[in-house]
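# Geometric and topological summary
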Amino acid sequence: MEQDREQARQVDAIRRLAREHDALILAHNYQRDEIQALADITGDSLALSIEAARTDKKVIVFCGVHFMAESAAVLAPDKIVLLPNPEAGCPMADMVTAEGVQAMRSKYPGAPVVAYVNTSAAVKAVSDICCTSANAVQVVRSLPEKEVILIPDRNLGQFIASQVDKLCHLWPGYCPIHDELLAKQVAICRSAHPQALCLAHPECHPDVLSQADKILSTGGMLDYVRKSCHPQFIIATERGILFKLQEENPDKEFIFPDYEFICHDMKRVTLDHVQRCLETLQPRITVPEEVSRGARQALEKMLAIPRD
Ligand code: 13P
Ligand code: SF4
């Protein structure tokens, strides 16, 4: 009880600081519940990039992982972008370097590089266009070439390859959190809940995706469940999504496979971090202009593609 009152006081203090600094608080769908509850806007990688690009606030507090705040800094170069805990990274984003991308280009000359947003700005800068899990198939379809390079997620890459009529060269990266969910764990969950619809994130292994009824980004899952009359869902993605799923659909049931579906990087941001970063306006995420220019082009090309 006293703890709840203390947290409510802290949230008030953070909101006051955000007003004083003209700050917008963005939170990814995998953030801790209290961070999602605090945020002005929650969403998937695509939705948050769009918000960062269009806000007229002076400061963006990005509650997420490093590559997300970096994209915000690239898309909003005149803003102060804060990542409350600078240690929040993404192991998949670290699996590819700009040199690696150049090596792929030499191997497959003429094939455009499509970079999943889960990459560093330096990698985006040497790519042709970005994609997120919400628009990856559309992005690849929009390219005139019949051959493409997809980095860094082999699972997302394989999913895209199954949806487009193009030769896809994949980088062998993966998300350790999604990739380790076993097909067997999903099968057990499906047979225990035969009426449930199974929604899976495209970062999951193809053997998991082949059992899913729908393959969706986190934002896609939230939209789908909101519009569906189905009462029960198996969710194959990080558990943080449960906060919004339950808030928006109190009468529906959500089941996770028997697996520790937690991205510890996403959980690194706490209310204390958010408060401290608004008190000090640190740590700021900046991207050198020579890198930012190329990364911005790749991100803006993606944002120019009309959404379904
Ligand atoms: P979304 O774009 O679907 O939110 O996914 C981001 C991510 O990091 C998934 O692991
Ligand atoms: Fe990266 Fe996976 Fe965490 Fe998403 S869930 S931020 S891809 S480690």
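Residues numbered from 1 in each chain as written. Chains lettered and ligands numbered in written order. Predicted model: local features only at pLDDT ≥ 70, side-chain atom pairs only at ≥ 80, totals over all residues. Heavy atoms only, no water.

## Description of the overall build of the protein chain
- On a plain count of helices and strands, the protein chain comes out with 15 helices and twelve strands.
- In terms of overall size, the protein chain behaves like a compact globule, its C-alpha atoms giving a radius of gyration of 19 Å where 308 residues would be expected to give roughly 19 Å.
- Across the 308 residues that make up the protein chain, the buried fraction comes to 57%.
- Accessible surface, the protein chain as shown: approximately 13,700 Å² in total, 49% of it carbon and sulfur.
- For the protein chain, the separation between the mean place of its 33 positive charges and that of its 42 negative charges on side chains is 3 Å. (Helix = DSSP H or I, 4+ residues; strand = E, 2+ residues; numbered from the N terminus. Rg over C-alpha atoms; globule rule 2.2 N^0.38 Å. Buried < 20%, exposed > 50% of the residue type's maximum accessible area, 1.4 Å probe, protein only. Areas by Shrake-Rupley, 256 points an atom, 1.4 Å probe, with all protein chains shown as cover. Lys, Arg positive; Asp, Glu negative; His and termini not counted. Charge placed at Lys NZ, Arg CZ, Asp CG, Glu CD.)

## Digging into the site of ligand 1
- Taken together, the neighbourhood of ligand 1 is formed by H28, Y30, D44, S45, N118, S133, H178, H201, E203, S217 and T218.
- Interatomic distance of 2.8 Å between a side-chain N/O atom of S45 and an oxygen atom of ligand 1.
- In isolation ligand 1 has 300 Å² of accessible area, and contact with the protein removes 95% of it.
- When the residues that make up the shell around ligand 1 are grouped by side-chain class, the tally is one nonpolar, eight polar and two charged. (Near = heavy atom within 4 Å. Polar contact = N/O pair within 3.5 Å; in protein donor to acceptor, adjacent residues only side chain to side chain. Nonpolar A, V, L, I, M, F, W, Y, C, P; charged D, E, K, R; others polar.)

## Digging into the nonpolar core
- One finds F62, V114, L181 and M302 to be the most contacted residues of the largest nonpolar core, which totals 68 residues.
- Ranked by residues supplied to this core, first place goes to helix α4 (residues 66-75) with seven residues.
- Those residues in contact with V114 that sit more than four places away from it in its chain are I129, C131, V139, V140, L143, I149, L150 and I151. (Core = buried A, V, L, I, M, F, W, Y, C linked by side-chain atoms within 4.5 Å. Contact = heavy atoms within 4.5 Å.)

## Points about the packing of helix α1 (residues 2-20) against helix α14 (residues 271-280)
- Viewed as axis vectors pointing N to C, α1 and α14 meet at an angle of 30 degrees, and their least axial separation amounts to 10 Å. Between α1 and α14, the angle is such that the two are roughly parallel. Handedness of the crossing formed by α1 with α14: left-handed. Side by side, α1 and α14 meet where Q7, Q10, V11, A13, I14, L17 and A18 of the first sit next to L271, D272, V274, Q275, L278 and E279 of the second.
- Residues that form the contact of α1 with α14 fall into these classes: eight nonpolar, three polar and two charged. (Axes fitted to C-alpha atoms, helices over the stretch in contact; angles between N-to-C directions. Parallel < 35°, antiparallel > 145°, perpendicular 65-115°, else oblique. Left-handed = near helix turned anticlockwise from the far one by under 90°.)

## Considering the pattern of salt bridges
- Within the structure shown, the criterion is met by 17 salt bridges.
- For D179, the salt bridge is made with R154, and the minimal N-O distance between the two is 3.0 Å. Of this pair, D179 sits in helix α9 (residues 176-179) while R154 sits in helix α8 (residues 154-163), and the two are 25 residues apart along the sequence.
- Assessed through its relative accessible area of 28%, R154 is described here as partly exposed.
- Where R190 meets D213, a salt bridge forms, and the shortest distance between an N and an O atom there is 2.9 Å. Of this pair, R190 sits in helix α10 (residues 183-192) while D213 sits in the loop between α11 (206-209) and β10 (214-215), and the two are 23 residues apart along the sequence.
- Residue classification places R190 among the partly exposed residues on the basis of a relative accessible area of 21%.
- Counted as one network, the salt bridges with shared partners bring together E2, R5, E6 and R9. (Salt bridge = Lys/Arg side-chain N within 4 Å of Asp/Glu carboxyl O.)

## Concerning the site of ligand 2
- What surrounds ligand 2 is the set Y30, C90, P91, M92, N118, C175, I177, H178, E203, C263 and M266.
- When atoms are counted within 2 Å of each cavity's grid points, the one that captures over half of ligand 2 is the largest cavity.
- The class makeup of the residues in the shell around ligand 2 is eight nonpolar, two polar and one charged. (1 Å grid on protein atoms, 1.4 Å probe; cavity = no way out; pocket = protein on both sides within 12 Å on 5 of 7 lines; lining within 4 Å. Sits in = over half its atoms within 2 Å of the grid points.)

## Digging into helix α3 (residues 45-54)
- Every buried residue belonging to α3 is among S45, L46, L48, S49, E51 and A52, and all of these are buried.
- Tucked inside the fold, the buried residues of α3 contact β1 (23-28), β2 (41-43), β3 (59-63), α4 and α15 (289-303).

## Observations concerning unusual backbone geometry
- Here the amide bond leading from I151 into P152 is cis, since omega sits at -15 degrees, within 30 degrees of zero.
- Relative to the assigned elements, P152 resides in the loop between β7 (147-151) and α8.
- Omega for the peptide link from Q282 to P283 comes to -10 degrees, which places this bond in the cis form.
- In this structure, P283 sits in the loop between α14 and α15.
- Phi at D22 takes a positive value of approximately 55 degrees, unusual for a residue other than glycine.
- For D22, a relative accessible area of 24% gives the class partly exposed.
- Although it is not a glycine, L281 sits at a positive phi angle of roughly 55 degrees.
- You can see L281 is positioned in the loop between α14 and α15.
- Taking relative accessible area as the criterion, L281 reaches 15% and is therefore assigned buried.

## Digging into the environment of V148
- Position of V148 relative to the elements: it lies in strand β7.
- Taking the relative accessible area as the measure of exposure, V148 reaches 0% and is therefore buried.
- Each C-alpha atom of the pair V148 and L26 lies 32 Å from the other, and the pair is 122 residues apart in sequence.
- Once residues lying within four places of it in the same chain are set aside, the contact partners of V148 are A111, P112, V140, L143, K166, L167, C168 and H169.

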